[in-house]
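Topology and contacts: notes
Here's the letter readout for the chains.
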Amino acid sequence: MTSSRTEPLPRVQEDGLTAGADGDRERSQERRGRRRHRWDARWSPYAFIAPFFVFFAAFGLFPLLYTGWASLHRVSLHDPSHMEWVGMRNFSRLLEDDFFWNALQNTFTIGVLSTVPQLLMALGLAHLLNYKLRGSMFFRVAMLTPYATSVAAATLVFTMLYGRDYGMINWGLELVGIDHIDWENGTWTSQLAVSSIVIWRWTGYNALIYLAAMQAVPDDLYESAALDGANRWQQFLHVTIPSLRPTILFTVVVSTIGATQLFGEPLLFGGSQTGGGSHQYQTLGLYLYEQGWFDFQLGRASAIAWTMFLILIVIGLLNWLIAKRLNKTH
């Protein structure tokens, strides 16, 4: 009888131990799950943005630091590992280099010739597209087509248009009694030709930016202006333009940065890194290309790159000051 009473006890203890072990295992798994959830919530955002910083460090930060270091040395592209310290000599030589000042002047001139008409035309086109037009989506896509076109293809077409003997532009000028113009070899003519390529490629892009900003202007402002007797032109001047000031400032800064870095259009227009026989349309980008990849002076090219970088910093600071002033006036 004793054995019959004591037989169930081990099973009860064994079941209790098993249930306790299972409960501890479940609690342990639950704690690990909560810990993984906290780690996931804390570190996942960093993992998602990590590829950007990795690529930026490899293709943005490292080239910037390397060119800054190379600009302080005399280094040839044939042997980039051999550097001779020269300090600020590469920068001081730029101040004494007439070709550098010529490239800087050409960059400024082409920048003005391309940026001002481009933004004025973009503003006018955006104002037209802002009204309800039949087939407005088609016109918006058509505006973006030049931007999507390859710079090589666009420049090739414009080079043919500006041809001295068989170009269509000279053909049209001949019809009105104007002699053929040697667009490539003239100073102002070549710069106008290069500027026209930039205008054609970027006007539609800026027009769509202006259009998006115009559509965000409240209709109440136009209705109030109309009640005060303002016509459409007066509404454009006194309602649309003030509302677009931040957007206009943004496009001016971006276009100025693009003009400072202008490279593909002048290179392909003449097919030479010199920007014409007299360097008449050689920009800073072309001058950097000539110094680094044709004269093999990597140190001088790096100094030019950093000079362009400093110019862009100045442009950014001016943008910040003007934006701050505009915010105060509002």
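Definitions and limits used
- Residues numbered from 1 in each chain as written.
- Predicted model: local features only at pLDDT ≥ 70, side-chain atom pairs only at ≥ 80, totals over all residues.
- Heavy atoms only, no water.
- UniProt positions renumbered as here; feature names shortened; annotations may be inferred.
- Helix = DSSP H or I, 4+ residues; strand = E, 2+ residues; numbered from the N terminus.
- Rg over C-alpha atoms; globule rule 2.2 N^0.38 Å.
- Buried < 20%, exposed > 50% of the residue type's maximum accessible area, 1.4 Å probe, protein only.
- Areas by Shrake-Rupley, 256 points an atom, 1.4 Å probe, with all protein chains shown as cover.
- Lys, Arg positive; Asp, Glu negative; His and termini not counted.
- Charge placed at Lys NZ, Arg CZ, Asp CG, Glu CD.
- Core = buried A, V, L, I, M, F, W, Y, C linked by side-chain atoms within 4.5 Å.
- Contact = heavy atoms within 4.5 Å.
- pLDDT = per-residue confidence, 0-100.
- Axes fitted to C-alpha atoms, helices over the stretch in contact; angles between N-to-C directions.
- Parallel < 35°, antiparallel > 145°, perpendicular 65-115°, else oblique.
- Nonpolar A, V, L, I, M, F, W, Y, C, P; charged D, E, K, R; others polar.
- Pairing = 2+ DSSP bridges.
- Domains from an automatic or database assignment.
- Buried area = accessible area lost by both parts, 1.4 Å probe.
- Salt bridge = Lys/Arg side-chain N within 4 Å of Asp/Glu carboxyl O.
- Polar contact = N/O pair within 3.5 Å; in protein donor to acceptor, adjacent residues only side chain to side chain.

An unreviewed UniProt entry lists the protein chain under the name Sugar ABC transporter permease, from Streptomyces spirodelae. In the Subcellular location (unreviewed entry) part of its UniProt record, the protein chain is described as follows: "Cell membrane".

Tallying secondary structure elements over the protein chain gives 14 helices and two strands in all. A compact globule built from 330 residues would reach a C-alpha radius of gyration of about 20 Å, whereas the protein chain, at 32 Å, exceeds it by more than 25%. Across its three principal directions, the C-alpha atoms of the protein chain cover 130 × 75 × 45 Å. Here the protein chain, with 330 residues, has 33% of them falling under the buried criterion. For the protein chain, the accessible surface area stands at approximately 21100 Å², while carbon and sulfur atoms represent 65% of it. Between the mean site of the 25 positive side-chain charges and the mean site of the 25 negative ones, the protein chain shows a separation of 12 Å.

Looking now at the nonpolar core. L123, A126, Y210, M214 and L244 are the most contacted members of the largest nonpolar core, which totals 13 residues. When contributions to this core are tallied by element, the ones reaching two or more residues are α4 (98-129) and α8 (187-214). Residues in contact with L244, not counting those within four places in the same chain, are L123, Y210, A213 and M214.

For the rest of this paragraph, the subject is the confidence of the model for the protein chain. Per-chain confidence: the protein chain averages 85 in pLDDT, with 92% of residues scoring 70 or above. Note that pLDDT drops below 50 for residues 1-6; the model gives that stretch zero contacts with residues more than four away or on any other chain.

Mapped onto the present numbering, the UniProt feature "transmembrane region" (unreviewed entry) falls at residues 43-66, 108-129, 141-163 and 303-322. Counted over residues 108-129, helix gives 100% and strand 0%. Its end C-alpha atoms are 31 Å apart. Helix and strand shares over residues 141-163 are 83% and 0% respectively, and the end C-alpha atoms of the span are 30 Å apart.

On to the packing of helix α10 (residues 232-243) against helix α11 (residues 245-260), then. Across the interface, α10 lies against α11 with an axial gap of 4 Å and an inter-helix angle of 60°. Our classification of the angle between α10 and α11 gives oblique. Contacts from I241, P242 and S243 of α10 reach α11 at R245, P246 and I248. For the contact of α10 with α11, a count of residues per class yields four nonpolar, one polar and one charged.

Taken together, the three bridges between strand β1 (residues 73-76) and strand β2 (residues 79-85) define a ladder with antiparallel strand orientation. What sits directly across from R74, in β2, is E84. Remark: two residues form the turn of the hairpin made by β1 and β2, two consecutive strands paired antiparallel.

Moving on: the domain arrangement of the protein chain. When cut into domains, the protein chain gives domain 1 (3-70) and domain 2 (89-329). Each of domain 1 and domain 2 was reduced to a C-alpha centroid, and the two centroids are 53 Å apart. Taken together, the contact pairs five residues of domain 1 with six residues of domain 2. Area buried by domain 1 at its contact with domain 2 is led by L64, T67 and A70, which between them contribute 78% of it. On the surface where domain 1 and domain 2 come into contact, there are zero salt bridges. Taken together, the links from domain 1 to domain 2 amount to two residue pairs in polar contact (both at pLDDT 80 or more). The residue inventory of the side of domain 1 that touches domain 2, partitioned by class, reads three nonpolar, two polar and no charged.

A word on the side chain of R201. Tracing the sequence through the fold places R201 in helix α8. Here E265 takes part through its side chain, which lies 3.3 Å from a polar atom of the side chain of R201. Apart from residues lying up to four places away in sequence, R201 is in contact with P146, Y147, T149, V151, A154 and E265.

A word on the environment of L312. Tracing the backbone shows L312 in helix α14 (residues 298-329). Each C-alpha atom, one on L312 and one on D40, is 40 Å from the other, the two residues being 272 residues apart in sequence. If we ignore the near neighbours within four places in the chain, the residues touching L312 are I257, T260 and Q261.

Counting across every chain of the model gives four salt bridges. Close ionic contact of E96 with R89 constitutes a salt bridge, the shortest N to O distance being 4.0 Å. Judged by relative accessible area, E96 falls into the exposed class, the value being 56%. Where R201 meets E265, a salt bridge forms, and the shortest distance between an N and an O atom there is 3.3 Å. With R201 in helix α8 and E265 in helix α12 (residues 264-270), the pair connects residues that are 64 residues apart, well separated along the chain. E265 matches R201 in its accessibility class, with the two residues each being buried.

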